[in-house]
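# Examining the three-dimensional arrangement
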Amino acid sequence: MARRTREEAEQTRQLLLDTAEKVFWEQGVAATSLTDIAAAAGLTRGAIYWHFANKLDLFNALCDRIVPALEIIDGILLDTHYNPAARLWRHVHAMFDLLYHDQRMRRICAIHHIGCEQVGEMAPLLLEQLSWTQEKEAQLTRVLEEAGQQGLLRPGVVPTLAAIGLHSLYGGLCHSWMIAIENDTIHRHLSAMLSPYFVGVFQDDCWLQGAAPAA
């Protein structure tokens, strides 16, 4: 009986997250109350508070749903079968492929990018976003530093600055796509949009060279 109760509780939690994703997507986060989500799920407001402390807690749990997929994508940056430049190229293409093919990933990213005002009860998200940005830029910096050690960077390229630029390019393309979600131009022409930046940062098309030779 206890096991069944735990399973039912988890089913309710997942239903609330599914419903929050749908309602946040349709209405935006600020315009959506917990009562709205409970009603759309056919549950009471108390059911939400059984699982989530507040709307921010619910929103964070919703975002946590895509973390495993993002961790897989980030694993590409650690794949030493490819040179650092190729890893960065493969990483961003894998990310946009995931966004294109995975509706949940696309919706949650769109909610986060354009459907959520980071003020009021959602204000803590601003600090979380800053921390996440710093973490991602540090991740890119490490790969670019490795590229520099291998002689793959153009003269004068500073890894920390290149990482900020590259992360901003990723974010800008993602944002442009999110505000016109049915337009697949960015997905179809991603390589052409990324190439000028990679040409300016790396030597000799090294990001297209594929797997590194065996040691």
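Residues numbered from 1 in each chain as written. Predicted model: local features only at pLDDT ≥ 70, side-chain atom pairs only at ≥ 80, totals over all residues. Heavy atoms only, no water.

Glancing now at the UniProt feature "DNA-binding region" (unreviewed entry) in the protein. In the numbering used here, UniProt assigns the "DNA-binding region" (unreviewed entry) feature to residues 33-52. Along residues 33-52, the helical share is 75% and the strand share 0%, with 13 Å between the first and last C-alpha atoms. (UniProt positions renumbered as here; feature names shortened; annotations may be inferred. Helix = DSSP H or I, 4+ residues; strand = E, 2+ residues; numbered from the N terminus.)

If you look at soluble globular proteins, the nonpolar side chains tend to sit buried side by side. Membership of the largest hydrophobic core comes to 62 residues, with the highest contact counts inside it found for Phe59, Leu88, Phe96, Phe198 and Phe202. Ranked by the residues each element gives to this core, the list is headed by helix α6 (residues 84-101), at nine residues. (Core = buried A, V, L, I, M, F, W, Y, C linked by side-chain atoms within 4.5 Å. Buried < 20%, exposed > 50% of the residue type's maximum accessible area, 1.4 Å probe, protein only.)

On to the side chain of glutamate 137. Here glutamate 137 shows up in helix α8 (residues 124-149). No salt bridge forms around the buried glutamate 137; measuring N to O, its nearest opposite-charge neighbour arginine 142 is 11 Å away. Among residues more than four places away in sequence, those in contact with glutamate 137 are Ala163, Ile164 and His167. (Lys, Arg positive; Asp, Glu negative; His and termini not counted. Salt bridge = Lys/Arg side-chain N within 4 Å of Asp/Glu carboxyl O. Contact = heavy atoms within 4.5 Å.)

The subject of this paragraph is the UniProt feature "domain: HTH tetR-type" (unreviewed entry) in the protein. On the UniProt side, "domain: HTH tetR-type" (unreviewed entry) is annotated at positions that read residues 10-70 here. Taken end to end, residues 10-70 has its terminal C-alpha atoms 23 Å apart, with 77% of it in helix and 0% in strand.

Per the counting criterion, the structure on display carries eight aromatic pairs. Residues tyrosine 100 and tryptophan 177 carry aromatic rings whose centres are separated by 6.0 Å and whose planes lie at 25 degrees to one another, so their mutual orientation is stacked. Of this pair, tyrosine 100 sits in helix α6 while tryptophan 177 sits in helix α9 (residues 159-178), and the two are 77 residues apart along the sequence. A residue is classified by how much of its surface remains accessible, and tyrosine 100, at 31% relative accessible area, is partly exposed. On the numbers, 5.5 Å between centres and 35 degrees between planes, the contact of phenylalanine 198 with phenylalanine 202 is tilted. There is no split in this pair, since phenylalanine 198 and phenylalanine 202 are both buried. The structure contains a cluster of three or more aromatic residues connected by ring pairs, namely Trp89, Phe198, Phe202 and Trp207. (Phe/Tyr/Trp six-rings, centres within 6.5 Å; stacked < 30°, edge-to-face > 60°.)

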